[in-house]
Amino acid sequence: MKGDDIAKRLCRLAGQVIKLCRTLPRDSTSRHVAHQLVRAVSSGGANYEEARGAESRADFIHKVSVATKEMRESLYWLRLANEAELLAELDIEPLVREANEIVAILTCSLKTAKLRAAQELLPRYTARQ
C-alpha cells in the first residue's frame, strides 16, 4: 500500500527513540527532554498516519506538514540530548540520520502534493479567463 514504507520507518524510529529515552538519567531535565522527544517523534508518525487517511489533498498537505514539523522538532531534541551529553553520540547518530532522511522524504511528498494541487487549480483558473 502507498506510504507503507515511510509509515513503518516512522514507527520504527519512534520505537527506537522510546527505548533510548528509557536509558536517560532520571533527573528532571533528562525527563523533560525525554518527554518532549517522545511526544514529537510519536506525533510525527501519528500525523503521517492521519495524512494517509486524509479527506482531501488540502487535508493531506496539512497533515504531512505537521508530521514534517514534528520530525524537525524531534531532530532538535535529539541534538539537545547530544549537546547536553545525556546520551552518547554513537547512540544518537543513527537516529539523527534516519530522522533527517524521513524529513527529506516528507518534504518531497509535500512538494509533490502542493504541485499536484496547483495543477488541479490551473485548468479552473484558465477556464475563467
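Quantities reported herein were computed from a predicted structural model and do not represent experimental measurements.

> Sorry if this is basic, but what is going on with the nonpolar core here?
Across soluble globular proteins, nonpolar side chains have a tendency to be buried as a group. L13, V17, Y48, M71, I92, I102 and L106 are the most contacted members of the largest nonpolar core, which has 35 residues in total. For this core, the elements supplying multiple residues, two or more each, are α1 (4-21), α2 (28-52), α3 (57-83) and α4 (89-128). Examining the composition of this core, we find that 10 residues originate from one element, α4, more than from any other. Among residues more than four places away in sequence, those in contact with Y48 are G3, I6, A7, L10, A67 and L106.

> Teacher, can you tell me more about the packing of aromatic side chains here?
What describes a pair of aromatic rings is the distance from one ring centre to the other and the angle between the planes of the rings. For the structure on display, the rule yields 1 aromatic pair. On the numbers, 5.1 Å between centres and 75 degrees between planes, the contact of Y76 with W77 is edge-to-face.

> Would you mind showing me how to read α1 here?
Residues that lie three or four places apart on an α-helix share one face, since the helix turns once every 3.6 residues. Counted at 1.5 Å a residue, the expected span for α1 with its 18 residues is 26 Å, and the 26 Å between its end C-alpha atoms agrees. Regarding α1, the residues found buried are I6, A7, R9, L10, L13, A14, V17, L20 and C21. Within α1, the buried residues cover an arc of 160 degrees as seen down the axis, which keeps them to one side. Of the residues in α1, the exposed ones pointing more than 90 degrees away from the buried face are D5, K8, C11 and K19.

> For this particular structure, what's the right way to read the state of the cysteines?
Where two cysteines share a covalent bond between their sulfur atoms, that bond is called a disulfide. Applying the stated criterion to the full structure yields 0 disulfides. Summary of cysteine pairing: C11 is not part of a disulfide, and the nearest cysteine sulfur, belonging to C21, is at 15 Å.

> I keep staring at unusual backbone geometry and nothing clicks. Help me out?
Apart from glycine, the bulk of residues carry a negative phi angle, and the bulk of peptide bonds sit in the trans form. Backbone geometry at E85 places phi at a positive 55 degrees, although glycine is not the residue there. Inspection of the secondary structure puts E85 in the loop between α3 and α4.

> Would you mind going over the packing of α2 against α3 with me for this structure?
Any two packed helices are characterised by how steeply their axes cross, that is the angle between the axes, and by the distance between the axes. Interaxial distance between α2 and α3 falls to 8 Å at its minimum, and their mutual angle equals 155 degrees. Put simply, α2 runs roughly antiparallel to α3. You can see that α2 and α3 cross each other, and the crossing is left-handed. Looking at the contact of α2 with α3, its residues break down into 15 nonpolar, 6 polar and 5 charged.

> Just checking my understanding: could you explain the packing of α1 against α2 for this structure?
Contact geometry for α1 and α2: axes closest at 9 Å, N-to-C directions at 165 degrees. Relative to α2, α1 is oriented roughly antiparallel. Note on packing geometry: the crossing formed by α1 with α2 is left-handed. Where α1 abuts α2, its residues D4, I6, A7, L10, L13, A14, V17, I18 and C21 lie against A34, L37, V38, V41, S42, G44, G45, Y48, E49 and R52.

> For this particular structure, what's the right way to read the pattern of salt bridges?
One side chain can pair with another of opposite charge once the charged atoms of both are near each other. Following the criterion strictly, the structure yields 10 salt bridges and no others. In this structure, the salt-bridge partner of R39 is E70, at a minimum N-O distance of 3.2 Å. Highlighted residues: R39 in helix α2 and E70 in helix α3, separated in sequence by 31 residues. For K63, the salt bridge is made with D59, and the minimal N-O distance between the two is 3.1 Å.

About the thresholds
- Residues numbered from 1 in each chain as written.
- Predicted model: local features only at pLDDT ≥ 70, side-chain atom pairs only at ≥ 80, totals over all residues.
- Heavy atoms only, no water.
- Core = buried A, V, L, I, M, F, W, Y, C linked by side-chain atoms within 4.5 Å.
- Buried < 20%, exposed > 50% of the residue type's maximum accessible area, 1.4 Å probe, protein only.
- Helix = DSSP H or I, 4+ residues; strand = E, 2+ residues; numbered from the N terminus.
- Contact = heavy atoms within 4.5 Å.
- Phe/Tyr/Trp six-rings, centres within 6.5 Å; stacked < 30°, edge-to-face > 60°.
- Expected span 1.5 Å × (residues − 1).
- Arc of directions from axis to C-beta.
- Disulfide = S-S within 2.5 Å.
- Axes fitted to C-alpha atoms, helices over the stretch in contact; angles between N-to-C directions.
- Parallel < 35°, antiparallel > 145°, perpendicular 65-115°, else oblique.
- Left-handed = near helix turned anticlockwise from the far one by under 90°.
- Nonpolar A, V, L, I, M, F, W, Y, C, P; charged D, E, K, R; others polar.
- Salt bridge = Lys/Arg side-chain N within 4 Å of Asp/Glu carboxyl O.

Note that all results are geometric; they support no functional claim without further evidence.
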